[in-house]
Amino acid sequence: MSLPAAFHEIAKRVNNWGRWGQDDEIGTLNLVTDEVVRDAVATVRTGHRVPLAVDLKQDGVQTGMIPGRVNPLHVMVQVNQELFGPGTVATSDDAVTFGLQAGTHWDALTHVSHSGRIYNGRPAATITPHGRSEFSGIHTARHLVSRGVLLDVAAAKGLDRLPGDHAVTPEDLDEAADFGGVTVRPGDIVLVRTGQMQLYAAGDRHGYAFPSPGLSVRTPEWFHARDVAAVANDTLTFEIFPPEIEDLWLPVHALDLVEMGMLQGQNWNLESLSTACAQERRYAFLLSAMPEPFVGATGTPVAPVAVL
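Criteria and cut-off values
Residues numbered from 1 in each chain as written. Predicted model: local features only at pLDDT ≥ 70, side-chain atom pairs only at ≥ 80, totals over all residues. Heavy atoms only, no water. Helix = DSSP H or I, 4+ residues; strand = E, 2+ residues; numbered from the N terminus. Contact = heavy atoms within 4.5 Å. Buried < 20%, exposed > 50% of the residue type's maximum accessible area, 1.4 Å probe, protein only. Pairing = 2+ DSSP bridges. Arc of directions from axis to C-beta. Axes fitted to C-alpha atoms, helices over the stretch in contact; angles between N-to-C directions. 1 Å grid on protein atoms, 1.4 Å probe; cavity = no way out; pocket = protein on both sides within 12 Å on 5 of 7 lines; lining within 4 Å. Points joined across faces, edges and corners; volume = space filled by probe spheres on them. Nonpolar A, V, L, I, M, F, W, Y, C, P; charged D, E, K, R; others polar.

A. Geometry of the side chain of His-253. One can find His-253 in helix H8 (residues 251–260). For His-253, the contacting residues outside a window of four places in its chain are Asp-107, His-111, Val-112, Thr-237, Phe-238, Glu-239, Val-258, Gln-264 and Gln-266.

In structure tokens form, the structure reads like this:
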């Protein structure tokens, strides 16, 4: 079934193809300028560091719902092995196999396509089994340090966690910004907290995955109007799941990644950050969220840290 006309109308309004030239591969990361980073550094007051990644482990967030996206399979390939003979220094080494989007991660701009295209109008056929992503692979996002802003939607509503059927709207984002006393600026990385991560922390992997609150199809226009550089949240699917519009699957992915060229992240643990921001009464901070440069990959694990 083809995408509805309403989707294509939104796509036209948020489209960034050609905005930074026909050869551009990084989309809204162009908005993270030196000035933006200097301003981000200036937000640091206490030096309090808050890690935002979930642990990478074999019983991690993946439940098998997404084929091939396996939790880490971690094995030891050397254990106290004296490589250079008896009595020499011994080494231990590990190997791991897992889906690059299995835990806390960034989606590359090539993670989804629609109508045969990826970001900047390139053919989706430029992604192949052996060549991987010819354009806009995650390795092109060489660095990502900027001002982070927490939009704590759940806390703004006086809730620990949003209901599983809640689609986060632009009005919710405005409410959370007012609650945190912040104005989202060009080049910001916006973190949207729903509280859904509490289910995973309590051991309910399946409840964490489904049903899940998440971003509404109306939110890409909100991010586009504010020139946001990237968005991440604390859910498995990023957008509301099941979808708010029947049979329209992953429209927010398509609008963010394909049309806007905006990185999006999932499975970010924002619980400690929510507490820290409430205690310090400020919701903007320096955020380091460096992608691992897997050449041609459609996503990457990330271990983000907020510095307040």
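B. Structural context of the pairing of strand E13 (residues 284–288). Counting buried residues in E13 gives four out of five residues, a clear majority hidden from the surface. In this sheet, E13 lies alongside strand E7 (residues 145–152) in antiparallel orientation, the contact comprising five bridges. Paired with Gly-148 across the two strands is Phe-285, which belongs to E13. One ladder, built from three bridges, connects E13 with strand E15 (residues 305–307); its direction is antiparallel. Of the residues in E15, the one forming a bridge with Ser-288 is Val-305.

C. View of helix H1 (residues 5–14). Of all the positions in H1, only Phe-7, Ile-10, Ala-11 and Val-14 are classed as buried. With its buried residues spanning 105° around the axis, H1 presents them on a single face. The exposed set on the far side of H1, more than 90 degrees from its buried face, consists of Ala-5 and Lys-12.

D. Quick peek at unusual backbone geometry. Cis geometry marks the peptide bond from Phe-210 to Pro-211; its omega dihedral reads -10°. Its location among the elements puts Pro-211 in the loop between helix H6 (205–209) and strand E10 (214–215). Cis rather than trans, the peptide bond between Phe-241 and Pro-242 has omega equal to 0°. Note on placement: Pro-242 falls in the loop between strand E11 (230–233) and H8. For Asp-227, which is not a glycine, the phi torsion comes out positive at approximately 55°. Note that Asp-227 resides in the loop between helix H7 (219–225) and E11. Not every positive phi belongs to a glycine, and Phe-238 is a case in point at roughly 75°. You can see Phe-238 is positioned in the loop between E11 and H8. The exposure class of Phe-238 is buried, given its relative accessible area of 0%.

E. Here's a closer look at the sheet that holds strand E14 (residues 299–301). An order of E1-E15-E13-E7-E9-E11-E12-E4-E14 is seen for the nine strands of this open sheet, with the pairing classed as mixed. If you trace the sheet from one side to the other, it starts and ends with strand E1 (49–51) and E14, each paired once. Within this sheet the neighbouring strands show an average axis-to-axis angle of 25°, counted without direction. With four bridges joining them, strand E9 (residues 189–193) and E11 adopt parallel strand pairing. Bridged to Val-190 within E11 is Val-231. On the sheet, helix H4 (residues 170–180) packs against E7 and E9 and is oriented at approximately 105° with respect to E7.

F. Local environment of the layout of surface pockets. Of the voids in this model, the largest pocket is the one considered here, and its volume is about 240 Å³. Surrounding the largest pocket, Met-65, Ile-66, Pro-67, Arg-69, His-111, Val-112, Leu-236, Thr-237, Phe-241, Leu-250, His-253 and Gln-266 form its lining. Its residues assigned to classes, the lining of the largest pocket comprises seven nonpolar, four polar and one charged. Put simply, the second largest pocket is a space of about 170 Å³. Together, Ile-26, Leu-29, Val-32, Thr-33, Asp-34, Val-37, Thr-140, Ala-141, Arg-142, His-143, Leu-144 and Val-145 line the second largest pocket. A per-class count over the lining of the second largest pocket returns seven nonpolar, three polar and two charged.

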